[in-house]
Amino acid sequence: MPVDLSFWDDDPPESTELINRAFEAAIQQYRGVEYIRALWRRGVAAGRDINDRNVLIDLALDLGLDSGKFEEDLDEIELETGERGELPFTFMEIQGKPVPKSGRIRYSDFKTQFTFQGIEEKEAQELQGFVAEYGPVAVPEVMEVYGVQREEATQRLQNLDGVSSFKIGGEQFWTL
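Draft legend 1. How the structure looks around the packing of aromatic side chains. If you walk through the whole model with that rule in mind, you get 4 aromatic pairs. Plain terms: the ring middles of Tyr 35 and Phe 70 are 5.6 Å apart, the flat faces sit at 45° to each other, and that makes the pair tilted. Here the residue Tyr 35 occupies a position in helix α2 (residues 32-44), and Phe 70 occupies one in helix α4 (residues 67-76), the gap between them amounting to 35 residues. Of the two residues, Tyr 35 and Phe 70, neither departs from the other in class, the shared state being buried.

This is how it looks when you write it as structure tokens:
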């Protein structure tokens, strides 16, 4: 997904705790995946301050979440947090085996772990299905998933039946 972090130039967040609580609050309403994608698209890619409580609540309202429950959960959810300055820690479980990771995790880290556990990489679904399932999608997502350059990704998206696009923060998003 594209990123426009210019809104943090003057006042960067000291923590991702509020954003994580918002994600967990959306999960409570069974809309976590939709919320995190919308948070990225309407927040990070658009250059909105996603560390602002009102922005997070507005996003929940835009998705049709119960605003009272969302705000209540946002205030009450407790997260396990590390000490300031400590590297983030992620715990994954792959085929029942623990896979702890510290610091930034890249796609290649996941791919290596899956390979190590004997899970073979599958062919990506047809682009039409990908856009239908995950859309709106950004050109960089298509580039990553299908291993193509920007021009080819854009051309493939333009050739889809029933596709439309819109621009956010300098990046084109595509939907069916």
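Draft legend 2. Just the nonpolar core, in detail. Residues Ala 22, Tyr 35, Leu 39, Leu 56, Leu 65, Phe 70 and Leu 74 are the most contacted members of the largest nonpolar core, which totals 19 residues. Only α1 (17-28), α2, α3 (53-62) and α4 provide two or more residues apiece to this core. Tallying contributions element by element places α1 first for this core, with 5 residues. When near neighbours in sequence (up to four residues on either side) are disregarded, Leu 74 contacts Leu 18, Arg 21, Ala 22, Ala 25, Arg 53 and Ile 57.

Draft legend 3. Here's a closer look at the pairing of strand β5 (residues 171-175). By the bridge criterion, 2 bridges tie strand β3 (residues 137-138) to β5 in an arrangement that is antiparallel. Each residue of the ladder has a partner; that of Ala 138, found in β5, is Phe 173. With 5 bridges connecting them, strand β4 (residues 164-168) and β5 associate as antiparallel partners. When the sheet's bridge partners are listed, Ser 164 is paired in β5 with Thr 175. Counting the residues that bridge the hairpin from β4 to β5 gives 2 residues, and of these Gly 169 lies at a positive phi of roughly 55°.

Parameters and conventions
Residues numbered from 1 in each chain as written. Predicted model: local features only at pLDDT ≥ 70, side-chain atom pairs only at ≥ 80, totals over all residues. Heavy atoms only, no water. Phe/Tyr/Trp six-rings, centres within 6.5 Å; stacked < 30°, edge-to-face > 60°. Helix = DSSP H or I, 4+ residues; strand = E, 2+ residues; numbered from the N terminus. Buried < 20%, exposed > 50% of the residue type's maximum accessible area, 1.4 Å probe, protein only. Core = buried A, V, L, I, M, F, W, Y, C linked by side-chain atoms within 4.5 Å. Contact = heavy atoms within 4.5 Å. Pairing = 2+ DSSP bridges.

Note that all results are geometric; they support no functional claim without further evidence.
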